[in-house]
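An overview of the molecular structure
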Amino acid sequence: MKTRMKEYREKNGITQEQLAKKVGVARQTILFMEKGKYNPSLRLAYQISRELNAKIDDLFSFNDEK
């Protein structure tokens, strides 16, 4: 999974910790998502997109490329 979460988070001036608290996950979860090592549920992706004022498709790319 590719993600632009970090870019959008920084553009909104939100730390990993702040975003994690707003969406109800651990900071490490945000870290792993930003590195593309954790696929969020649809619900979590939606919550994050709302907090970052972005579309889910702008934040996450779920390509099956190997």
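1. Points about the nonpolar core
M5, L19, I30, I48, L52 and L59 are the most contacted members of the largest nonpolar core, which totals 15 residues. Mapped onto this core, the elements with two or more residues apiece are α1 (5-11), α2 (16-23), α3 (27-34) and α4 (42-51). Residue contacts for L59: discarding those within four places in its chain leaves K2, T3, R4, M5, Y8, I48, S49, L52 and A54.

2. Concerning the side chain of R9
By secondary structure assignment, the location of R9 is in helix α1. Judged by its relative accessible area of 7%, R9 falls in the buried class. R9 has contacts with I14, T15, Q16, L19, E34 and L52, leaving out every residue within four places of it along the chain.

3. Here's the deal with the pattern of salt bridges
In this structure the tally under the stated criterion is three salt bridges. For E7, the salt bridge identified is with R4, shortest N-O distance 2.8 Å. Taking relative accessible area as the criterion, E7 reaches 43% and is therefore assigned partly exposed. The partner of K22 in a salt bridge is E51, and the shortest N-O contact between them spans 3.9 Å. With K22 in helix α2 and E51 in helix α4, this pair connects stretches of sequence that are 29 residues apart. Overall, E51 belongs to the partly exposed group, its relative accessible area being 29%.

4. Thoughts on the confidence of the model for the chain
Fine structural detail should not be taken from predicted coordinates in areas where pLDDT scores are low. Per-residue pLDDT for the chain has a mean of 93; in total, 95% of the residues score no lower than 70. For the chain, strand β2 (residues 60-61) is the element with the lowest average pLDDT, namely 90, and α2 is the one with the highest, namely 98.

5. Brief notes about the packing of α2 against α4
Geometry of a packed helix pair, given as the angle between the helix axes and the separation of the axes. One way to put it is that α2 packs onto α4 with a least axis distance of 10 Å and a crossing angle of 125°. If you check the angle between α2 and α4, you find them oblique. Taken as a pair, α2 and α4 cross one another with a handedness that is right-handed. Contact with α2, carried on its side by L19, K22 and V23, involves L44, Q47, I48 and E51 of α4 and no other residues of that element. Split by residue class, the contact of α2 with α4 holds four nonpolar, one polar and two charged.

What counts, and where the lines are drawn
Residues numbered from 1 in each chain as written. Predicted model: local features only at pLDDT ≥ 70, side-chain atom pairs only at ≥ 80, totals over all residues. Heavy atoms only, no water. Core = buried A, V, L, I, M, F, W, Y, C linked by side-chain atoms within 4.5 Å. Buried < 20%, exposed > 50% of the residue type's maximum accessible area, 1.4 Å probe, protein only. Helix = DSSP H or I, 4+ residues; strand = E, 2+ residues; numbered from the N terminus. Contact = heavy atoms within 4.5 Å. Salt bridge = Lys/Arg side-chain N within 4 Å of Asp/Glu carboxyl O. pLDDT = per-residue confidence, 0-100. Axes fitted to C-alpha atoms, helices over the stretch in contact; angles between N-to-C directions. Parallel < 35°, antiparallel > 145°, perpendicular 65-115°, else oblique. Left-handed = near helix turned anticlockwise from the far one by under 90°. Nonpolar A, V, L, I, M, F, W, Y, C, P; charged D, E, K, R; others polar.

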